[in-house]
Amino acid sequence: MNTPGSATYADTRSALWQVLNALPAASATDARSVPVRMALGTAARALGDLDMAGTLYAQVLTVAPKHEEALAGQIDAEIARGDHEAALGLCDAALGLRPKSALLQGKKAHVLQALDRRAEALDMLVVLHEAHPTHVPTLLPLANLRRAFGDLEAAEALYAQILDLEPGHEGGLVGQIDIALARGDHDAALEMCEAGQVLRPRSILLRRRQAHVLQAVGRRQEALDILEALHAAHPKRVPILLTLANLQRALGDLEAADALYAKLLELEPGHEGALVGQIDAALARGDHDAALDLCEAGRTHGPRSPLLRRRQAHVLQAVGRPQEALDILGVLQEAEPDHIPTTLALANLHRTLGDLETADALYAQVLSVEAANWPARRERAKIAEALGDIDTAIALLEQDPLMQQNVFKKTGHDG
């Protein structure tokens, strides 16, 4: 496999340097060298050599300052480093040079989503879609965001449009499966998995999604069989490793899960999902000291990671240190007041501690950013119900297909 540390990786990287060094020095300012440097930059980024890629993109931009693919390549390199703030700065600079670029606008929307600024990303994608109504790279993230915001009907229409334009499009097929899951229709989701694999029999993503659906319906052994087969065929494919490790942890095989997380971190040191998985495995063992140690160690790899800080707050809460957890979440939320996962975590902690007024205000803040955030709506409804305000609880949930029926049953309303 061509991964860091392997002989193939070293040979390929060495060959790239040889090609680069063989280029005449004068070619650095020669427009005719741009295609070669772009090809080398793309190869270097694929190998994970982000420094080499950055050097090559910078050389291209010296010759052609508005080169769209080079500007996008610089953004992708920062995304690969996990520095989304830097990527956002590059997006803004690039769009200053090419304000009408659909590629660069799409990159910015992607970065905004990674920063949990989903409402801004949605606004960008809506405008971009209006300008390019049949542009699939815009349609797919727009559909995914519509689904994330709970607008399943709009998302479903967009996935259908994608599949009309590109029958068998992997993202469109997976999106339809996720719509069925969001509706709680697991039978339809499984049927879509099977149908999708007829169209794309080699799709790893569709097989992973099938495993996810099987887990959701309690058929964990079948899901495990699928993931183990995928892992055997692709032993260094990180998304497979992470999904398999998480399932092993859920099944209680913590030793197997830890081994997979360790393997993943060998391939990608500092991988956020693996670091969080190790913390969760320690929690599953009841080893809170180890979980706290892992939180601290993880921060050396991802010091800016809100997810790792939120996990640390979760562990502190579990060991009876709620004030420290509140302090961590408060700092995170103050730094990024519109960061939905952090605000939700802070609201949940206040609710657990019995501070319903503060919790309700924080849930309301989430809903001011994402009106269709159902976890926040549900928690506000629970608070309203606890305070005896049944009408407000029903009003909050009247569009929620998962909760509405339960509230009506409890209150005697027949809808």
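Figured I'd write up the structure that's included with this text. Note that the structure is predicted; figures quoted are calculated from it, not measured. (Residues numbered from 1 in each chain as written. Predicted model: local features only at pLDDT ≥ 70, side-chain atom pairs only at ≥ 80, totals over all residues. Heavy atoms only, no water.)

**Let's talk about the layout of surface pockets**
Part 1: Each pocket or cavity is described by its volume, and for the second largest pocket that value is around 540 Å³.
Part 2: Together, Asp178, Leu181, Arg208, Arg209, His212, Gln215, Pro239, Leu242, Thr243, Asn246, Leu307 and Arg311 line the second largest pocket.
Part 3: Broken down by secondary-structure element, the contributors of at least two residues to the lining of the second largest pocket are helix H10 (170-182), helix H12 (204-216), helix H14 (238-250) and helix H18 (306-318). (1 Å grid on protein atoms, 1.4 Å probe; cavity = no way out; pocket = protein on both sides within 12 Å on 5 of 7 lines; lining within 4 Å. Points joined across faces, edges and corners; volume = space filled by probe spheres on them. Helix = DSSP H or I, 4+ residues; strand = E, 2+ residues; numbered from the N terminus.)

**Concerning the nonpolar core**
Generally speaking, a soluble globular protein has its nonpolar side chains buried in company with each other.
Part 1: Ranked by size, the top nonpolar core spans 63 residues in total, and within it Ile177, Val213, Ile279, Val315 and Tyr363 carry the most contacts.
Part 2: Per-element accounting of this core gives the leading share, seven residues, to H14.
Part 3: Among residues more than four places away in sequence, those in contact with Val315 are Ile279, Leu283, His288, Ala291, Leu292 and Cys295.
Part 4: Formed by 42 residues, the second largest nonpolar core is a distinct cluster that contains Ile79, Leu112, Ala155 and Ile162. (Core = buried A, V, L, I, M, F, W, Y, C linked by side-chain atoms within 4.5 Å. Buried < 20%, exposed > 50% of the residue type's maximum accessible area, 1.4 Å probe, protein only. Contact = heavy atoms within 4.5 Å.)

**A short note on the packing of helix H15 (residues 254-267) against helix H16 (residues 272-285)**
Relative orientation and spacing of two packed helices are given, respectively, by the angle between their axes and the distance between those axes.
Part 1: Here H15 crosses H16 at 160°, and the two axes come no closer than 9 Å. In terms of their interaxial angle, H15 and H16 are classed as roughly antiparallel. For the element pair H15 and H16, the recorded crossing hand is left-handed. Residues Leu254, Glu255, Asp258, Tyr261, Ala262, Leu264 and Leu265 of H15 lie in contact with H16, whose contacting residues are Gly273, Ala274, Leu275, Gly277, Gln278, Ala281, Ala284 and Arg285.
Part 2: In terms of residue class, the contact of H15 with H16 is built from nine nonpolar, three polar and three charged. (Axes fitted to C-alpha atoms, helices over the stretch in contact; angles between N-to-C directions. Parallel < 35°, antiparallel > 145°, perpendicular 65-115°, else oblique. Left-handed = near helix turned anticlockwise from the far one by under 90°. Nonpolar A, V, L, I, M, F, W, Y, C, P; charged D, E, K, R; others polar.)

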